[in-house]
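Working through the structure, step by step
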Amino acid sequence: MPLDQIIRLALLVIFSVNAALVTALVTLKTVHRRRMRLHEKRRQGYLAVLSRHLSYEHCTDPITEDMAEDPAFLDALIDMRNAITGDEVATLRRIVNRHGVIERQVRHLDSSLLLGRRLRAAVAIAEIGDETAADALMRHLDDREPEIRIQCARGLGRIQWTPAIDQIVSRFSGEDPWVRARFSDTLVGYGTKATWPLLAYVRINHRFESKGPALALRTIGQIQDDQAVGPMLEILDDAADLDVQLATIEALGELASPEALPALVDLLDDEVWQLRAKAASAMGGIGDPEAIPRMFGSLRDENWWVRRSAAAALARLPGGVDALYAALEDEDRYAADAAAEALTDAGELVSARRRIDAGVSDNEPLLAHMERGVVA
Amino acid sequence: MSEKKKILVADDSETIRALLQTALESAGYEVDMAKDGVSAYELGSNGDYDLVILDQLMPGLLGLDVITRWHQEGMDVPVLMLTGVDDDRTAVESFDRGAVDYVRKPFRITELMARIRMRL
């Protein structure tokens, strides 16, 4: 076959394949858009049905088996569940139970081969929040799919299923980091009920690993349970791993208990700079002005991050801003610069400029310091 | 025969609009809907509403800004604000700008209806 014919044939084939691909893509997109429009239309209809069920005591609008299987119905159910609270949630759950919605979703979660369907089922069960699904949610904390594990933990947290707390905490060690982080969010939702299981987990595991216990400690800090302060001080004393120590200090700062102050003050002299810096930050969180003299000393620390942390913490203490202004005159330029930076972050530079512009003041030490220039 | 009381519901959430429309109509109120701040402002300015249920976070114009504009134009429209569960600032500011009440989302329909009945 002559070369030009071969080339023409090849071009024809390439053009035909491209045309077929483009046609297929356009068709898929059109079909998808149509499906989405129909889904949305059905969802709006279901919202109206659910609204009537919630508004009329003897509403007779049917909820059929087909509806209960429809993803649009699930979406409407979830939206409605998130819009209401109190007695109406119980009403919605009665509707859900009467029509076997949860049971269907549990079946999909247990046995569907399609990941999308299983995930949708997990999300629906988690969002609707019904105790009848608790066993299924517990089973699937070990699901092979990370997102399903996350949704199941969320669902258990939503119904405040306390037997799940130990199960979720115990999975900190073996989990992917981002799944663990989502588990932590769920545990924060449990509030103080999760404190002791988390503390127990840390006590058992902190000598063998760091990531799980560190996250558990941070979770306790977010829960804000004062009862955890004493045990956490013991852990701080006992722990050898730096990540665990840092997480404990961070959590103590979140808990903001003056009981932790003596231990944190001691840490300002630790040989490890990360501990000194974290302790200074935590003391800023506690907010006790008695810490000011000691923190002032940390402005002269040899490590810049410690200086910076101490200065930032001082800015948070009552009377700390005055101490920072005094530090601007410190013969140690690094201490003065750390103070200047913290004052600037606290908005003092803007305030100083405003005072000068308004003629209220003609001498602002912070401005003078900035004009002198910071040490590189 | 007494006239039906007229309520404007302004919320960008379709779910909230569907729910409130059904609940309010079942209670015998005449209901208009707005799905953003601009149409809420326009409908409220032109309509004669006995009550406006106004969400804070809407596209176009925030709920508080809608109230402010109505007040600047001398309109005395009773407004019940819908605010987020942690949004204390909006709750307080809504009173400063002239709202008569607020309800946090997610809400109890029975509570909301009771507050509406109290106003109308």
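Residues numbered from 1 in each chain as written. Chains lettered and ligands numbered in written order. Predicted model: local features only at pLDDT ≥ 70, side-chain atom pairs only at ≥ 80, totals over all residues.

Considerations on the overall build of chain A
On a plain count of helices and strands, chain A comes out with 22 helices and zero strands. Expressed along its principal axes, the backbone C-alpha trace of chain A runs to roughly 80 × 70 × 50 Å. When the 376 residues of chain A are sorted by exposure, 39% land in the buried category. Sequence-distant contacts in chain A: of pairs separated by 6 or more residues, those separated by 24 or more amount to 65%. (Helix = DSSP H or I, 4+ residues; strand = E, 2+ residues; numbered from the N terminus. Buried ≥ 20, exposed ≤ 12 C-beta atoms within 10 Å, placed from the backbone. Contact = placed C-beta atoms within 7 Å.)

Observations regarding the nonpolar core
Counting residues in each nonpolar core, the largest one holds 134 residues, and the members touching the most others are Ile125(A), Ala311(A), Ala339(A) and Ile53(B). Setting aside residues up to four positions removed in sequence, Ile125(A) forms contacts with Ile102(A), Gln105(A), Val106(A), Leu109(A), Ala133(A), Ala136(A), Leu137(A) and Gly155(A). (Core = buried A, V, L, I, M, F, W, Y, C linked by C-beta atoms within 7 Å.)

Brief notes about the sheet that holds strand S3 (residues 51-55) of chain B
Residue and element names in this part refer to chain B. Read from one edge of the open sheet, five strands run S2-S1-S3-S4-S5, paired in parallel fashion. Across the chains shown, the open sheet's two edge strands, defined by having one partner strand only, are strand S2 (30-34) and strand S5 (101-104). Averaged over all pairs of adjacent strands, the angle between their axes in this sheet comes to 20°, without regard to strand direction. Pairing analysis gives four bridges linking strand S4 (residues 79-83) to S5, with the strands arranged parallel. (Pairing = 2+ DSSP bridges. Axes fitted to C-alpha atoms, helices over the stretch in contact; angles between N-to-C directions.)

Overview of helix H1 (residues 14-26) of chain B
All names here are of chain B. A rise of 1.5 Å per residue sets the reference length of H1, with its 13 residues, at 18 Å; its end C-alpha atoms lie 18 Å apart and thus fit the reference within 8%. Within H1, ten of the 13 residues are buried, which leaves the element mostly enclosed by the surrounding structure. Those residues of H1 lying buried are Thr 15, Ile 16, Arg 17, Ala 18, Leu 19, Leu 20, Gln 21, Thr 22, Ala 23 and Leu 24. (Expected span 1.5 Å × (residues − 1).)

Some points on the interface of chain B and chain A
On the chain A side, the residues contacting the 14 residues of chain B number 17 residues. At the level of elements, H1 and helix H5 (109-119) of chain B are the ones that each hand at least two residues to the side of chain B that touches chain A. The leading source of residues in the side of chain B that touches chain A is H1(B), at eight residues. Of the residues that constitute the side of chain B that touches chain A, the class distribution is seven nonpolar, five polar and two charged. (Nonpolar A, V, L, I, M, F, W, Y, C, P; charged D, E, K, R; others polar.)

A look at the packing of helix H10 (residues 177-190) of chain A against helix H12 (residues 211-223) of chain A
All names here are of chain A. Put simply, H10 and H12 touch, their axes get as near as 9 Å, and they point 30° apart. Here H10 is positioned roughly parallel relative to H12, judged by the angle of their axes. As H10 runs across H12, the sense of the crossing is right-handed. Contacts between H10 and H12 involve Arg 180, Ser 184, Leu 187 and Val 188 on the former and, on the latter, Gly 212, Leu 215, Thr 219, Gln 222 and Ile 223. Of the residues belonging to the contact of H10 with H12, the class tally is four nonpolar, four polar and one charged. (Parallel < 35°, antiparallel > 145°, perpendicular 65-115°, else oblique. Left-handed = near helix turned anticlockwise from the far one by under 90°.)

With respect to the pairing of S4(B)
Residues and elements named next belong to chain B. Most of S4 is tucked away: five of the five residues are buried. In S4, alternate side chains face the same way, and those of Val 79, Met 81 and Thr 83 on one face and Leu 80 and Leu 82 on the other are all buried. At this point the chain moves from S3, through helix H3 (residues 63-72), to the parallel S4, and the crossover so formed is right-handed. (Right-handed = clockwise from strand over helix to strand, strands pointing away.)

A look at the packing of helix H8 (residues 146-158) of chain A against H10(A)
Residue and element names in this part refer to chain A. At their nearest, the axes of H8 and H10 sit 9 Å apart, and the two run at 5° to each other. If you check the angle between H8 and H10, you find them roughly parallel. From H8, Pro 146, Arg 149, Ile 150, Ala 153, Arg 154 and Gly 157 reach across to H10, where they touch Val 179, Arg 182, Phe 183, Thr 186, Gly 189 and Tyr 190. Here the contact of H8 with H10 is composed, by residue class, of six nonpolar, three polar and three charged.

Remarks on the domain arrangement of chain A
Residue and element names in this part refer to chain A. According to the domain assignment, chain A contains domain 1 (53-161), domain 2 (165-283) and domain 3 (297-376). When each unit is reduced to the centre of its C-alpha atoms, the spacing between domain 1 and domain 2 is 34 Å. Opposite the nine residues of domain 1 that make contact, domain 2 presents ten residues. Among the elements that make up the side of domain 1 that touches domain 2, the one with the highest residue count is H8 (six residues). Of the residues assigned to the side of domain 1 that touches domain 2, the class counts are five nonpolar, two polar and two charged. (Domains from an automatic or database assignment.)

Description of unusual backbone geometry
Cis rather than trans, the peptide bond between Lys105(B) and Pro106(B) has omega equal to -5°. Locating Pro106(B) in the fold gives a position in the loop between S5 and H5. Its identity is not glycine, yet Gln160(A) carries a phi of approximately 55°, on the positive side. Note on placement: Gln160(A) falls in the loop between H8 and helix H9 (163-170). For Gln160(A), a count of 14 C-beta atoms within 10 Å corresponds to the partly exposed category. Positive phi, close to 55°, is recorded for Ala256(A), a residue that is not glycine.

Concerning H5(B)
Among the residues of H5(B), those classed as buried are Ile109(B), Leu112(B) and Ile116(B). Angular distribution of buried residues about the axis of H5(B) spans 65°; they occupy a single face of the element. The outward face of H5(B), more than 90 degrees from its buried face, is lined by the exposed residues Ala114(B), Arg117(B) and Met118(B). Elements that come into contact with the buried residues of H5(B) comprise helix H1 (3-55) and helix H4 (87-98) of chain A together with H1, S3 and S5 of chain B. (Arc of directions from axis to C-beta.)

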